[in-house]
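# Examining the three-dimensional arrangement
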Amino acid sequence: MITSSKKVYFYSVAPASSKYFGAEALTYSSDIKISLGAIVEVEFNNNICYGIVIADLTKPDFPTKGITAQTQYALEPQALLFMKSIISYYPNPIGPLASLFLPKKLYPPKDTTTKVTSPNKVELSSQQENAVDKINKSTSNTILLHGITGSGKTRIYTYLALS
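Given the structure is predicted, the values throughout are model-derived calculations rather than measurements.

Taken as a whole, the largest pocket encloses approximately 1,200 Å³ of empty space. Forming the boundary of the largest pocket are 34 residues, of which Asn45, Lys65, Thr149, Gly150 and Ser151 lie nearest the centre. Contributions of two or more residues to the lining of the largest pocket are made by β2 (26-30), β3 (38-44), α3 (126-137) and α4 (153-162). Of all the elements, α4 adds the most residues to the lining of the largest pocket, at four residues. Considering only residue class, the lining of the largest pocket consists of 10 nonpolar, 17 polar and seven charged.

Here you go:
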């Protein structure tokens, strides 16, 4: 939760994950000033992945997740400019493209994401738990879960299937 007593900075971060197919970078917050081009760790879809800070932002009208950690690595200004030009010119998802700009030292063998939760146990956020409660209390035989990509609908389905 963001408190008003300390300075909070907002950034546009390109998640370097092959699982992010969005055309735009995501907004994250930090209580420390981070330079453009910095390679950071962010949470994306209940995974920790690397991301590249591509712009400073003003406070958005929606809640943001915080930047988990800052690595010692950063893109050179020319590399950041080149990455931004590729993003704006080619109709490719940002995730796989941003991963091309990570230093090789940060690459795991296959993917740039690491699971936060155990694969044998489905952990739910408070919003997901509320949805499960409403589904369990419903008398209808048909339920429609509506949400954006990556919001956790499949995690709810998995939880219900396992319970």
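Before going further, it helps to spend a moment on unusual backbone geometry. With a phi close to 55°, asparagine 45 is a non-glycine residue in the positive phi region. With respect to the element layout, asparagine 45 can be found in the loop between β3 and β4 (47-57). A positive phi angle is found at asparagine 46, which is not glycine, with a value near 60°. For asparagine 46, the position within the fold is in the loop between β3 and β4.

Attention now goes to α3. The end-to-end C-alpha distance of α3, which contains 12 residues, comes to 16 Å, matching closely the 16 Å that a straight helix rising 1.5 Å per residue would cover. Inspection of α3 places Gln128, Ala131, Val132 and Ile135 among the buried residues, and these make up the whole buried set. Seen end-on, α3 carries its buried residues on one side only, within an arc spanning 100°. Of the exposed residues in α3, the ones pointing more than 90 degrees away from its buried face are Ser126, Lys134 and Lys137. Tucked inside the fold, the buried residues of α3 contact α4.

In this structure the tally under the stated criterion is three salt bridges. The partner of lysine 65 in a salt bridge is glutamate 43, with the nearest N and O atoms 3.8 Å apart. A residue pair is termed long-range when its members are at least 10 positions apart, and lysine 65 in strand β5 (residues 65-74) and glutamate 43 in strand β3 qualify at 22 residues. Taking relative accessible area as the criterion, lysine 65 reaches 39% and is therefore assigned partly exposed.

Quick look at helix α1 (residues 77-89) now. The end-to-end C-alpha distance of α1 is 18 Å, a good match for the 18 Å that 13 residues give at a rise of 1.5 Å each. By the burial criterion, the buried members of α1 are Leu80, Met83, Ile86 and Ile87. All buried residues of α1 project into a common sector of 125° when viewed along the axis, lining one side. For α1, the exposed residues lying more than 90 degrees away from the buried face are Pro77, Gln78, Leu81, Ser88 and Tyr89. Elements in contact with the buried residues of α1: β1 (9-15), β4 and α2 (94-99).

Cut-offs applied
- Residues numbered from 1 in each chain as written.
- Predicted model: local features only at pLDDT ≥ 70, side-chain atom pairs only at ≥ 80, totals over all residues.
- Heavy atoms only, no water.
- 1 Å grid on protein atoms, 1.4 Å probe; cavity = no way out; pocket = protein on both sides within 12 Å on 5 of 7 lines; lining within 4 Å.
- Points joined across faces, edges and corners; volume = space filled by probe spheres on them.
- Helix = DSSP H or I, 4+ residues; strand = E, 2+ residues; numbered from the N terminus.
- Nonpolar A, V, L, I, M, F, W, Y, C, P; charged D, E, K, R; others polar.
- Expected span 1.5 Å × (residues − 1).
- Buried < 20%, exposed > 50% of the residue type's maximum accessible area, 1.4 Å probe, protein only.
- Arc of directions from axis to C-beta.
- Contact = heavy atoms within 4.5 Å.
- Salt bridge = Lys/Arg side-chain N within 4 Å of Asp/Glu carboxyl O.

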